[in-house]
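# Understanding the architecture of this molecule
The lines below spell out each chain.
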Amino acid sequence: MPILEVNNLKKSFDGDSILKGISFDMEKGQTLSILGSSGSGKTTLLRCLNFLEMADDGRIKVNGETLFDGMKTSFSENELRDKRRHFGMVFQQFNLFPQYTALENVTLAPRLANPSKDKIDIERESRMLLTKMGLPDKLNHYPHQLSGGQQQRVAIARALALKPDILCFDEPTSALDPELTGEVLKVIKELALQHTTMIIVTHEIPFARDVSDQIIFLDRGVIAEKGTPSQVIDSPTNERTQKFLANY
Amino acid sequence: MFATVTLALFKGFLGTLKLFSLTLLFSLPLGLLISFGSMSKTAILRLPIRLIIWIIRGTPLMLQLLIIFYGPGIFLGRNIWGSGDSGRFTAALTAFVINYACYFSEIFRGGIQSIPKGQYEAAQVLGLSRTQTFFRIILLQVIKRIVPPISNEVITLVKDTSLARVIAFYEIIWEGERFIKSSGIIWPLFYTGVFYLLFSGLLTLLFGYIEKKLDYFK
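Just so you know, these numbers come straight off a predicted model, no measurement behind them.

## What to know about the sheet that holds strand S4 (residues 57-62) of chain A
Residues and elements named next belong to chain A. Here we have four strands laid out as an open sheet, ordered S2-S1-S4-S5, and antiparallel in their pairing. Both edges of this open sheet fall to strand S2 (16-26) and strand S5 (65-68), since each of them pairs with a single strand only. Adjacent strand axes in the sheet meet at a mean angle of 25°, parallel and antiparallel pairs treated alike. Sheet topology note: the strand S1 (residues 4-13)/S4 ladder contains five bridges and is antiparallel. Bridging across to S4, Leu4 finds its partner in Val62.

What follows is the structure in structure tokens.
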């Protein structure tokens with residue numbers, strides 16, 4: 001059974017149709033990259049999966065459980081929280097909480113989610129995550145004391161701490177210098193090698209080819225092309241995909 | 001004479017301090033509530049609150065003091081404030097709390113609206129409730145941003161308390177002025193300025209300290 005099934009997902013803003021019926025599914029442990037030019041709907045798609053935006057129509061299923069079916073488009077805070085639990089999100093602008101240290105950023109949500117769980121266990125797991133992100137010596141640093149690349153790695157650890165079924169990345173390196181991009185891509189690649197289920201919206205074409213099991217090319221709200229990296233990137237059949245890739 | 005005047009002014013300054021501290025105690029939380037109202041998506045809540053803020057900020061505090069103190073007597077036909085000093089104090093406090101709550105609410109609103117949307121979204125995807133998001137993520141960032149404008153208002157409040165004498169509330173200027181009539185000397189009135197200066201100096205130090213304390217994050 002696929003871990004995620006998306007069916008005919010639609011979303012428009014003020015009559016502007018951004019997603020015009022997106023369908024795909026992915027298996028557990030896979031990495032899916034979403035490519036496409038600005039305005040093609042990549043970010044909106046991720047935001048609909050995370051329920052940061054409410055889709056207008058279509059279906060979202062995780063592990064066979066229907067999270068969204070287009071019948072109901074307004075949910076209570078608790079319902080939304082249950083739905084969002086399945087997805088982790090790493091933002092383009094990191095969005096770390098500035099008043100908390102790197103470690104506190106990671107422990108905050110697990111602590112609030114499991115008040116009965118031992119604080120020491122949560123802290124140990126968070127330390128391990130930050131160590132895995134290559135930041136064992138930055139635990140007590142505040143976000144403003146960290147470079148962009150380090151901040152983004154803290155943000156990845158923070159998202160992983162809740163053990164989501166699927167980890168989503170919204171252009172995780174777009175706000176970074178080329179120098180810092182590498183260190184973030186490296187940890188994402190390690191996560192892919194460990195079979196973390198991930199959806200990555202990115203402009204890093206070589207990276208996407210390297211880590212992805214599946215690639216979707218989005219064009220003006222529809223999936224123009226979908227397949228393995230070698231199908232989509234090396235021998236695209238769609239004219240829009242060819243044009244887009246020619247720029248890289 | 002100097003000792004007598006100093007002692008008398010101290011007594012008057014106690015009245016000033018009482019009005020000052022109780023005004024802060026009530027107007028800060030009330031201001032936060034009003035700011036929520038003024039940001040509400042429900043127009044029935046938002047519009048009347050914006051109207052009240054406009055009226056309060058658009059008219060002199062001295063006029064508000066007079067209306068709040070004399071208004072009930074004139075329009076309801078009875079004095080709701082009770083008699084004597086305590087009645088006048090309650091009326092003055094009410095006027096100050098309403099006035100300052102409105103100013104504070106606008107500072108809070110500015111502070112809350114200046115927090116990037118990404119902070120809320122990060123909290124949402126991490127499963128925080130709205131209350132948790134406000135108290136654990138947003139509030140401290142807002143406080144950090146609003147310390148300078150709040151400190152401005154608080155220092156203004158110290159001096160504004162002198163307006164309460166229009167309804168015969170006993171405070172330091174009132175006390176200083178009395179020496180003109182009783183002893184024919186004016187310097188006690190000027191001397192009150194020293195009290196204001198020292199106290200606002202103290203507040204400036206306090207707010208500087210708070211700002212520094214919150215300097216650990218950006």
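And the narrative resumes.
## Things to note about the domain arrangement of chain A
All names here are of chain A. Taken domain by domain, chain A comprises domain 1 (4-86 + 165-246) and domain 2 (99-163). Domain 1 and domain 2 are separated by 25 Å when their C-alpha centres are compared. On the side of domain 2, 10 residues touch domain 1, which itself brings eight residues to the contact. Per-class residue counts for the side of domain 1 that touches domain 2 are seven nonpolar, no polar and one charged.

## Here we look at the packing of helix H1 (residues 2-38) of chain B against helix H7 (residues 172-183) of chain B
Residues and elements named next belong to chain B. Where H1 contacts H7, the axes come no closer than 7 Å and their chain directions differ by 150°. With respect to H7, the axis of H1 lies roughly antiparallel. Here H1 contributes Val5, Ala8, Leu9, Lys11, Gly12, Phe13 and Thr16 to the contact with H7, which in turn contributes Ile172, Trp174, Glu175, Gly176 and Phe179. In the contact of H1 with H7, the residues fall into seven nonpolar, three polar and two charged.

## Some words on the confidence of the model for chain B
Residues and elements named next belong to chain B. The predicted model of chain B averages 93 in pLDDT, with 100% of residues at 70 or higher. When mean pLDDT is compared element by element in chain B, helix H2 (residues 43-58) scores highest at 96, while H7 scores lowest at 89. Scored as a complex, the prediction yields pTM 0.87 and ipTM 0.92.

Thresholds, definitions, all that
- Sequence order sets the numbering: in each chain, residues are counted from 1 along the sequence as written.
- Chains and ligands are labelled by the order in which they are written, letters from A for the one and numbers from 1 for the other.
- The predicted origin of the model limits local features to residues at a pLDDT of at least 70 and limits the giving and counting of side-chain atom pairs to 80 or more, whereas totals for whole chains, interfaces and linings rest on all residues.
- Pairing between strands is defined by DSSP: at least two bridges between the two strands are required.
- Starting at the N terminus, helices and strands are each numbered in turn, a helix being any DSSP run of H or I of at least four residues and a strand any DSSP run of E of at least two.
- Helix axes are fitted only over the stretch in contact, all axes being lines through C-alpha atoms; the angle between N-to-C directions runs from 0 to 180 degrees.
- For every domain, the bounds stem from an assignment made automatically or drawn from a database.
- Two residues qualify as a contact pair if the distance between their C-beta atoms, derived from the backbone, is within 7 Å.
- Residues are grouped as follows: nonpolar covers Ala, Val, Leu, Ile, Met, Phe, Trp, Tyr, Cys and Pro; charged covers Asp, Glu, Lys and Arg; every other residue, Gly included, is treated as polar.
- By definition in this entry, angles of less than 35 degrees are roughly parallel, angles greater than 145 are roughly antiparallel, angles of 65 to 115 are roughly perpendicular, and the rest are oblique.
- The score called pLDDT rates the predictor's confidence residue by residue, from a low of 0 to a high of 100.

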